[in-house]
Amino acid sequence: MRSEDALANIDVAVLAGGLGTRIRGVLGDTPKVLAPIAGRAFLGHLLDYLSTYGSRRVVLCLGHLADRVTAWLARGDSAGTIDVVCQIEPRPLGTAGALGYVRKELRSSTILVVNGDTFLDADLRAFIASHRLSGAEASVLCVTVEDASRFVRVEIGPDSRIRSFPAKAAGAGTINAGVYLFSAAFLDRFIAAGAVSLERDVLEKLPPGTLNAHVAKARFLDIGTPESLATAASVIAGRET
C-alpha cells in the first residue's frame, strides 16, 4: 500500500461541531476548525494532510458556527481533490452522537475518525497497517507528550492493546490523540446503543484489550486552549519543513 493510496477507500469523519468555549475569547465568532494558523485556516492544513494519504471523501460533523465553515468551503480554500460533505447537527449531540447523525454519509467498511481541533503528523499508512494486522474492530492512534495533564491517558499492554484509561495527571505520558479507525459494524453498535460521548460512553467502557493502540512518533497539536493555539503555527511550520 502506497502512502498516497492509504485513504483511497476509507471515508473520514471530522468531528468539528464543538462550541470552543475555552478559546472563544481569542477566536470570537470563528469556529475552532477555522482558527488561523500559519496564514491559513486549520481545516485547510488538516485537509491537505489527509490529501497526502489519498483521502477522497471527508464528512464534516458540524454544529456551532457551521455557516462559517460552509462559507469557507464555498470559497474554494480546501484541497480540491477531496469530496467534502457537510452535515450540520440540529443540536449538540456529543462526539458519538455526531457520528450517528452522519452515519448515512459514511460508506466505507472502515472509517477514519478525526477530532477537528487536534493535529499530528503521524504516518497514517502505518496506522492503517497496524489496525488491519491487529484484527481489532477499533484502533486508537496514540502519541507520547511531555505534559499529559489535559489529555486522556492510555495504558497499553505488551500486545499493543489498551488496558485502561488512567486518570489525568501531570507529567509525560502516552495519550489518545483523537484519531481512530472503526469498522462499520463497531460504529453501528455504539450508535444503536445511543452513545453520546465517544470517549466516556464507548471507548472507556470497553473490556480491557478490545482496542488496538498504535503509538506514533509525531508532533501533536491541540488547539483547544489559547496557550496551545499560540504554539500551533510553529507545529504546522515544523511539519512543512
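Residues numbered from 1 in each chain as written. Predicted model: local features only at pLDDT ≥ 70, side-chain atom pairs only at ≥ 80, totals over all residues. Heavy atoms only, no water.

### Notes on the overall build of the protein
Consideration 1: Along the protein, the regular secondary structure elements total 9 helices and 13 strands.
Consideration 2: Referenced to the eigenvectors of the C-alpha coordinate spread, the extents of the protein come out at roughly 45 × 40 × 40 Å.
Consideration 3: Long-range pairs, those at least 24 residues apart, make up 75% of the contacts in the protein between residues at least 6 apart in sequence.
Consideration 4: Accessible area of the protein: about 10,600 Å², with a carbon and sulfur share of 51%.
Consideration 5: Counting 26 positive and 25 negative side-chain charges, the protein places the centres of these two groups 2 Å from one another. (Helix = DSSP H or I, 4+ residues; strand = E, 2+ residues; numbered from the N terminus. Contact = heavy atoms within 4.5 Å. Areas by Shrake-Rupley, 256 points an atom, 1.4 Å probe, with all protein chains shown as cover. Lys, Arg positive; Asp, Glu negative; His and termini not counted. Charge placed at Lys NZ, Arg CZ, Asp CG, Glu CD.)

### Digging into the layout of surface pockets
Consideration 1: The volume enclosed by the second largest pocket comes to roughly 300 Å³.
Consideration 2: Here the residues of the lining of the second largest pocket sort into 7 nonpolar, 4 polar and 5 charged. (1 Å grid on protein atoms, 1.4 Å probe; cavity = no way out; pocket = protein on both sides within 12 Å on 5 of 7 lines; lining within 4 Å. Points joined across faces, edges and corners; volume = space filled by probe spheres on them. Nonpolar A, V, L, I, M, F, W, Y, C, P; charged D, E, K, R; others polar.)

### Focus on the environment of Y49
Consideration 1: Residue position: Y49 is located in helix α2 (residues 42–52).
Consideration 2: According to the relative accessible area criterion, Y49 is buried, its value standing at 8%.
Consideration 3: Considered as a pair, Y49 and F119 are 70 residues apart in the sequence and their alpha carbons are 9.3 Å apart. (Buried < 20%, exposed > 50% of the residue type's maximum accessible area, 1.4 Å probe, protein only.)

### What to know about the packing of helix α4 (residues 94–101) against helix α6 (residues 184–192)
Consideration 1: Their axes nearest at 9 Å, the elements α4 and α6 cross at an angle of 110°. One element, α4, and the other, α6, form an angle in the roughly perpendicular class. For the crossing formed where α4 meets α6, the hand is left-handed. Together, A96, L99 and G100 of α4 and L187, F190 and I191 of α6 make up the contact between the two elements.
Consideration 2: Looking at the contact of α4 with α6 residue by residue, the class counts come to 5 nonpolar, 1 polar and no charged. (Axes fitted to C-alpha atoms, helices over the stretch in contact; angles between N-to-C directions. Parallel < 35°, antiparallel > 145°, perpendicular 65-115°, else oblique. Left-handed = near helix turned anticlockwise from the far one by under 90°.)

### Details of the sheet that holds strand β4 (residues 57–62)
Consideration 1: Sheet architecture is open: 7 strands sit in the order β5-β4-β1-β6-β11-β8-β12, paired in mixed fashion. One side of each edge strand has no neighbouring strand; the edge strands of this open sheet are β5 (83–88) and β12 (212–216). The average undirected angle you get between the axes of adjacent strands in this sheet is 25°.
Consideration 2: Note that strand β8 (residues 138–145) and β12 share 5 bridges and pair parallel. (Pairing = 2+ DSSP bridges.)

### Observations concerning the pairing of strand β11 (residues 173–183)
Consideration 1: Burial within β11 is extensive, with 10 of its 11 residues counted as buried.
Consideration 2: Across 5 bridges, strand β6 (residues 110–115) lies against β11 in antiparallel orientation. Residue pairing for β11: I111 is matched across the bridge by F182.
Consideration 3: Bridge count between β8 and β11: 8 bridges; the pairing is antiparallel. Pairing of V140 across the sheet is with Y180, part of β11.

Note that all results are geometric; they support no functional claim without further evidence.
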